[in-house]
Amino acid sequence: MASVPPLFATLLLADARLPSGGHAQSAGVEPALLAGLDPADLPALLRARVRTTTLVEAGTAVVALAQHRAGADLAPVERAWEARTPSAAQRDASRLLARGYLRVGMQVLPDDAVLAAWRQRPVPPPRPCVLGVMASGLAIGAAELARVVVYEDLQAATAAVLKLEPRDPLDLVSLVTSLCAEIDDRLDEVASLTDPSDIPTASAPQSEAWAEAHARSRRRLFRA
């Protein structure tokens, strides 16, 4: 496949139509609603998520990018992400998404040895690690990668809202832009990370508990 310019590569990763399996994820929205969250509180839920779970994902992706560019072993990055993602259900969901990204990655970066090795693993690495390696191979910068992770997570959440609690899509567009602006000052800091120990450690215990309960539910529409 021909080389993809970095700007187009960034847009590719941010595109909800990318066949990575994101359509099957609600980014924590369905678990929260099934647990009894008032739909009016969804903006507050996403505001909390973008400062906790999503920030961990963005930091992991950025560090994976830096480590891949340095030719370093990515196992410490994966372990750091696991330590910051205590919910087994959330870890499983991330690894399931990673399978889709690995398929895409092998199409755009067929010669990447790390992606090829990960594709053969029975248990894939988490989504942010795969995104970091793809960003490295596609010459996407750390700041752009961090913003892609945040944007993609919010888009998955708001797309799920339209199915679970339908409302004016323009209201959700406004919410996404507002939350992206609110967190943007943290992303330049995240973009400077290079060491696994520096990945943010913000946690969301209630969302983690909801994710565990959701994984056992037979009423769900989404994987997580």
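As shown above, the structure is provided for reference.
Everything in this summary refers to the structure shown in the same document.

Analysis parameters
Residues numbered from 1 in each chain as written. Predicted model: local features only at pLDDT ≥ 70, side-chain atom pairs only at ≥ 80, totals over all residues. Heavy atoms only, no water. Helix = DSSP H or I, 4+ residues; strand = E, 2+ residues; numbered from the N terminus. Rg over C-alpha atoms; globule rule 2.2 N^0.38 Å. Buried < 20%, exposed > 50% of the residue type's maximum accessible area, 1.4 Å probe, protein only. Contact = heavy atoms within 4.5 Å. Lys, Arg positive; Asp, Glu negative; His and termini not counted. Charge placed at Lys NZ, Arg CZ, Asp CG, Glu CD. Core = buried A, V, L, I, M, F, W, Y, C linked by side-chain atoms within 4.5 Å. Arc of directions from axis to C-beta. 1 Å grid on protein atoms, 1.4 Å probe; cavity = no way out; pocket = protein on both sides within 12 Å on 5 of 7 lines; lining within 4 Å. Points joined across faces, edges and corners; volume = space filled by probe spheres on them. Nonpolar A, V, L, I, M, F, W, Y, C, P; charged D, E, K, R; others polar. Salt bridge = Lys/Arg side-chain N within 4 Å of Asp/Glu carboxyl O.

Let's talk about the overall build of the protein chain
No. 1: Within the protein chain one finds eleven helices and zero strands.
No. 2: In the protein chain, the succession of helices and strands from N to C terminus is α-α-α-α-α-α-α-α-α-α-α.
No. 3: Here the protein chain has a C-alpha radius of gyration of 16 Å; the compact-globule value for 224 residues is 17 Å, and the two agree.
No. 4: For the protein chain, the spread of C-alpha atoms along the three principal axes comes to 45 × 35 × 30 Å.
No. 5: Expressed as a percentage of the 224 residues in the protein chain, the buried residues total 51%.
No. 6: Taking contacts inside the protein chain between residues at least 6 apart in sequence as the whole, the part at least 24 apart equals 78%.
No. 7: Looking at the protein chain, you have 23 positive and 26 negative side-chain charges, and the mean spots of the two groups are 7 Å apart.

Overview of the nonpolar core
No. 1: Grouped together as the largest cluster of nonpolar side chains are 66 residues, with contacts concentrated most on Val29, Leu115, Trp118, Val130, Met134 and Leu145.
No. 2: Among the elements that line this core, the one with the most residues is helix 9 (residues 142-164), at twelve residues.
No. 3: Apart from the residues within four sequence positions on either side, Val29 is in contact with Leu42, Leu45, Leu46, Ala157, Val161 and Leu164.

As for helix 3 (residues 42-50)
No. 1: Within the sequence span of helix 3, burial applies to Leu42, Leu45, Leu46, Arg49 and Val50. Projected down its long axis, helix 3 carries its buried residues within an arc of 125°, all on one side.

Let's talk about the environment of Leu18
No. 1: For Leu18, the position within the fold is in the loop between helix 1 (6-14) and helix 2 (29-34).
No. 2: Look at Leu18 and you get buried, because its relative accessible area is 10%.
No. 3: Distance in space between the C-alpha atoms of Leu18 and Gly100 is 9.0 Å, their sequence separation being 82 residues.
No. 4: Excluding residues within four positions of it along the chain, Leu18 makes contact with Leu12, Leu13, Tyr101 and Val104.

Comments concerning empty space enclosed by the protein
No. 1: If you walk through the whole model with that rule in mind, you get two cavities of 30 Å³ or more.
No. 2: Each pocket or cavity is described by its volume, and for the largest cavity that value is around 450 Å³.
No. 3: Contributing to the lining of the largest cavity are 35 residues, with Ala27, Arg49, Thr53, Gln90 and Ala93 lying nearest its centre.
No. 4: Take the lining of the largest cavity: its biggest share by element is six residues, from helix 11 (residues 205-215).
No. 5: Taken together, the residues that form the lining of the largest cavity break down as 15 nonpolar, twelve polar and eight charged.
No. 6: Within this model, the second largest cavity holds a volume of roughly 40 Å³.
No. 7: Taken together, Ala27, Gly28, Leu45, Arg49, Thr53, Ala204 and Ser207 form the lining of the second largest cavity.
No. 8: Looking at the lining of the second largest cavity residue by residue, the classes come out as three nonpolar, three polar and one charged.

Some thoughts on the environment of Gly36
No. 1: Residue placement: Gly36 occurs in the loop between helix 2 and helix 3.
No. 2: Gly36 sits 45 residues away from Trp81 along the chain, and the two C-alpha atoms are 28 Å apart.

Considering the pattern of salt bridges
In a structure, side chains of opposite charge can pair up when their charged atoms sit close to one another.
No. 1: For the structure shown, the criterion picks out eleven salt bridges.
No. 2: The partner of Arg127 in a salt bridge is Glu57, and the shortest N-O contact between them spans 3.1 Å. Separated by 70 residues along the polypeptide, Arg127 in helix 8 (residues 127-137) and Glu57 in helix 4 (residues 53-69) bring together distant segments of the chain.
No. 3: The residue Glu189 makes a salt bridge to Arg186 at a minimum N-O spacing of 3.7 Å. Taken together, the residues span about one helical turn, with Glu189 and Arg186 both in helix 10 (residues 169-191) at a distance of three residues.

Shape descriptors only; they carry no functional weight alone.
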